[in-house]
Amino acid sequence: MHVVFMNPQGNFDPQDSYLTEHPDFGGQLVYVKELAQAMSRRGHKIDIVTRRVQDKSWPEFSSDQDSYPGFEENLRILRFSFGGKKFLKKEELWPHIPDLVDKMLQFYGENQPDFITSHYADGGYAAKLALELAGIPFSFTGHSLGAQKLDKLVLANNSWSNLNEQFKFSKRIAAERNSMKYAAKIFVSTDQERVDQYSHPLYQKAVDTFNGQKFEVIPPGVNETIFNQRLSSTDTRQASKLDAIPGLNEKPAILVSSRLDKKKNIEGLVKAYSESRALRNAASLVLCVRGIDDPKLDIFSLEKEEKEVLGNIIDTIDSNNMASQVYFLNISSQLELAATYRYFAQLGSVFALTSVYEPFGLAPIEAAATGLVPIVTKNGGPADIFSNGSGILIDPLCPKSIANGLMEGLNKHTELSSAAVKHVNKKFSWNKTADGYITAIDKIVSTHIKSASTQESVLDCEEEIETYLTRRFT
């Protein structure tokens, strides 16, 4: 089959530039890249369709086509210019997505792809337009949905109108509703994601979460060639660097690998650590944040939200005299990250994901594959993933729950580490994810009759959504 991965935001390149470093370059891009590669290895022709950026600050994304080493035959990165030449945040792309779809369809001409798998709301919007114009069937993988994010931000005493201005929630939710309604299949990572996220009142008109034909539960995977327990030359180099940091290897660590995003709740983790004398005696706190070497200097180069998160972390560290117990590591690649995980796993360390809500969470299963014990939020996908006892679930809004979970993970490292490795190796691989997608897509393609349609416009329901949200939050 010829399958398009529709992903307007962020970008893709052979060097994985900025991957997980920028809010638009997070786990979703890792998911798309790994799944696309796994499907191409099975002989399918895969195109990742995204945005071309002709901006000297982003030179990696200036060409119209690219490829990953070793995947040149079946996998292309196709970049189309829309929305001007400069880099735009995902919230600024909405008016320009029809232009992307027009250019993509012109590019393919008579050789239209068999199927589009769309990712995030903007990808779903683009795929719905392609269905209207060319009759190409599509699936929707939301990764995270706007209604839940909005609820949590409003609960944090933010203004609904200000949030809508910043994040374009009415457009995002409208696009999500249309994506859900017209997608031939909705892919979710866990049953909990299907029930918790898609049953929100704003989506009830668009989709029935009890419709087993509409949803397909397929967990994402781990790149087992990178995230494993096998030592390599990268481990030797990384161990030398880490051994040179005074005090770092003297006791186990609580490891975090995340962007400085409020919803990741790193601030809550640092607070829990600061309040537990036993925890501070038992382990160091290691924050792997790409681009941060010296937090008190690097903070000035950050965006507003990241600056606020890091500022709060620094304040907690300083006010509790924890400078000698908290370490920042600037990890530049997945290979280096996996080597770092293995280094700390050998010290009996744990991995912490204390997000307020996490739809799935690739990070904890990657960490678990290397021998770290996963201590994860009870809210969202991780509760499904580690419900068999291979990890520890915590309440991210309760510092005592976080501290107790971390201590339990440190005390039971040997048994929990072994259980987590076995669980991840058995259940999570990108090959299995690819097989699930291919089977579902093949059934759709074999019965679908391509024809342009006259369905409702993607953003027709935007006014209805704004009315609902204004009434709810006023």
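Located above this text is the structure these notes cover.
Definitions and cut-offs
- Residues numbered from 1 in each chain as written.
- Predicted model: local features only at pLDDT ≥ 70, side-chain atom pairs only at ≥ 80, totals over all residues.
- Heavy atoms only, no water.
- Helix = DSSP H or I, 4+ residues; strand = E, 2+ residues; numbered from the N terminus.
- Rg over C-alpha atoms; globule rule 2.2 N^0.38 Å.
- Buried < 20%, exposed > 50% of the residue type's maximum accessible area, 1.4 Å probe, protein only.
- Contact = heavy atoms within 4.5 Å.
- Areas by Shrake-Rupley, 256 points an atom, 1.4 Å probe, with all protein chains shown as cover.
- Lys, Arg positive; Asp, Glu negative; His and termini not counted.
- Charge placed at Lys NZ, Arg CZ, Asp CG, Glu CD.
- Expected span 1.5 Å × (residues − 1).
- Polar contact = N/O pair within 3.5 Å; in protein donor to acceptor, adjacent residues only side chain to side chain.
- Salt bridge = Lys/Arg side-chain N within 4 Å of Asp/Glu carboxyl O.
- Pairing = 2+ DSSP bridges.
- Axes fitted to C-alpha atoms, helices over the stretch in contact; angles between N-to-C directions.
- Core = buried A, V, L, I, M, F, W, Y, C linked by side-chain atoms within 4.5 Å.
- Phe/Tyr/Trp six-rings, centres within 6.5 Å; stacked < 30°, edge-to-face > 60°.
- Parallel < 35°, antiparallel > 145°, perpendicular 65-115°, else oblique.
- Nonpolar A, V, L, I, M, F, W, Y, C, P; charged D, E, K, R; others polar.
- Right-handed = clockwise from strand over helix to strand, strands pointing away.

1. A look at the overall build of the protein chain
Scanning the protein chain from N- to C-terminus turns up 19 helices and 14 strands. Rg of the C-alpha trace for the protein chain: 22 Å, near the compact-globule value of 23 Å for 474 residues, within the 12% margin. Each of the three principal axes of the protein chain carries a C-alpha extent, and together these read 65 × 55 × 45 Å. Residue burial in the protein chain is summarised as follows: out of 474 residues, 59% are buried. Contacts in the protein chain between residues at least 24 apart in sequence constitute 75% of all its contacts with a sequence separation of at least 6. Looking at the protein chain as shown, the accessible area adds up to about 19,400 Å², and 49% of this sits on carbon and sulfur atoms. Each charge class in the protein chain was averaged separately, 53 positive and 59 negative side chains, and the resulting centres sit 2 Å apart.

2. Re helix α16 (residues 399-411)
Across its 13 residues, α16 extends 18 Å between first and last C-alpha, which sits within 8% of the 18 Å expected from 1.5 Å per residue. The complete set of buried residues in α16 reads Ile402, Ala403, Gly405, Leu406, Met407, Gly409 and Leu410.

3. So, the side chain of Arg172
Mapping Arg172 onto the fold places it in helix α6 (residues 169-182). A polar atom in the side chain of Arg172 sits 2.9 Å from the side chain of Tyr120. Not counting chain neighbours up to four residues away, the residues in contact with Arg172 comprise Trp94, Tyr120, Ala121, Ser144, Leu145, Gly146 and Lys149.

4. Some remarks on unusual backbone geometry
With a phi angle near 55°, Asp16 is a residue other than glycine that sits in the positive phi range. Checked against the element boundaries, Asp16 lands in the loop between β1 (2-6) and α1 (27-41). Even without being a glycine, Asn321 presents a positive backbone phi close to 50°. Position of Asn321 among the secondary structure elements: in the loop between α12 (304-319) and β11 (326-329).

5. Here we look at the pattern of salt bridges
Scanning the model with the defined rule gives 22 salt bridges in all. Across the pair Glu303 and Lys89 runs a salt bridge, and its minimum N-O distance is 3.4 Å. One end of the pair, Glu303, is in the loop between α11 (295-298) and α12; the other, Lys89, is in the loop between β4 (75-80) and α2 (97-108), with 214 residues separating them in the sequence. Across the salt bridge formed by Lys103 and Asp99, the nearest N and O atoms sit 3.5 Å from each other. Taken together, the residues Lys103 and Asp99, both in helix α2 and 4 residues apart, mark about one turn of the helix. Residue Lys103 is classed as partly exposed on the basis of its relative accessible area of 30%. Under the relative-accessibility criterion, Asp99 is labelled partly exposed at 31%. Within this structure, Asp24, Lys90 and Glu91 form a network of salt bridges that share partners.

6. Comments concerning the sheet that holds β4
With respect to topology, 8 strands assemble into an open sheet ordered β3-β4-β2-β1-β5-β6-β7-β8, the strand pairing being mixed. Among the strands making up the open sheet, the edge pair consists of β3 (65-66) and β8 (215-217). Where β3 and β4 come together, 2 bridges link them in antiparallel fashion. Across the sheet, residue Gln65 finds its bridge partner in β4, namely Leu78. Across the face of the sheet, helix α3 (residues 120-134) comes into contact with β1, β5 (115-119) and β6 (138-141) while running at roughly 155° to β5.

7. Thoughts on the nonpolar core
Of all hydrophobic cores here, the largest spans 68 residues; its most connected members are Phe5, Met39, Val286, Phe344 and Ile365. The biggest single contributor to this core is α1, with 8 residues. If near-sequence neighbours (up to four positions away) are discounted, Val286 is found in contact with Leu248, Ala253, Ile254, Leu255, Val256, Tyr327, Leu329 and Phe344. In this structure, Met6, Leu163, Ile186 and Ala206 belong to the second largest nonpolar core, which totals 53 residues.

8. A few points about the pairing of β11
Side chains Val326 and Phe328 project from β11 onto one buried face, and the interleaved Tyr327 and Leu329 project onto a second face that is buried too. Alignment of strand β10 (residues 284-288) against β11, held across 4 bridges, turns out to be parallel. Across the sheet, Val286 pairs through a bridge with Tyr327, a residue of β11.

9. Things to note about the packing of aromatic side chains
Following the criterion strictly, the structure yields 18 aromatic pairs and no others. Seen from their ring centres, Tyr31 and Trp430 are 5.4 Å apart, and the 85° between their planes marks the pair as edge-to-face. Linking Tyr31 in helix α1 with Trp430 in helix α18 (residues 430-447), this pair joins segments that are 399 residues apart in sequence. Residue Tyr31 shares its accessibility class with Trp430, and that shared class is buried. Put simply, the rings of Tyr18, Phe25, Trp58, Phe61 and Phe87 touch in pairs and so form one group of aromatic residues.

10. Quick word on the packing of helix α9 (residues 266-275) against α16
Contact pair α9 / α16: the axes reach a minimum separation of 8 Å and the direction vectors enclose 75°. In terms of their interaxial angle, α9 and α16 are classed as roughly perpendicular. Along its contact with α9, which presents Gly268, Leu269, Lys271, Ala272 and Glu275, the element α16 presents Pro399, Ile402, Ala403 and Leu406. Looking at the contact of α9 with α16 residue by residue, the class counts come to 6 nonpolar, 1 polar and 2 charged.

11. Here's the deal with the pairing of strand β7 (residues 185-188)
A regular strand carries its side chains on alternate faces of the sheet. Every second residue of β7 is oriented toward a common face, with Lys185 and Phe187 on one face and Ile186 and Val188 on the other, all of them buried. Taken together, the 3 bridges between β7 and β8 define a ladder with parallel strand orientation. Among the inter-strand pairings, Ile186 is bridged to a residue of β8, identified as Phe215. You can see the chain leave β7, run along helix α7 (residues 191-198) and come back into β8, and the turn it takes is right-handed.

These figures come from the coordinates and say nothing about function on their own.
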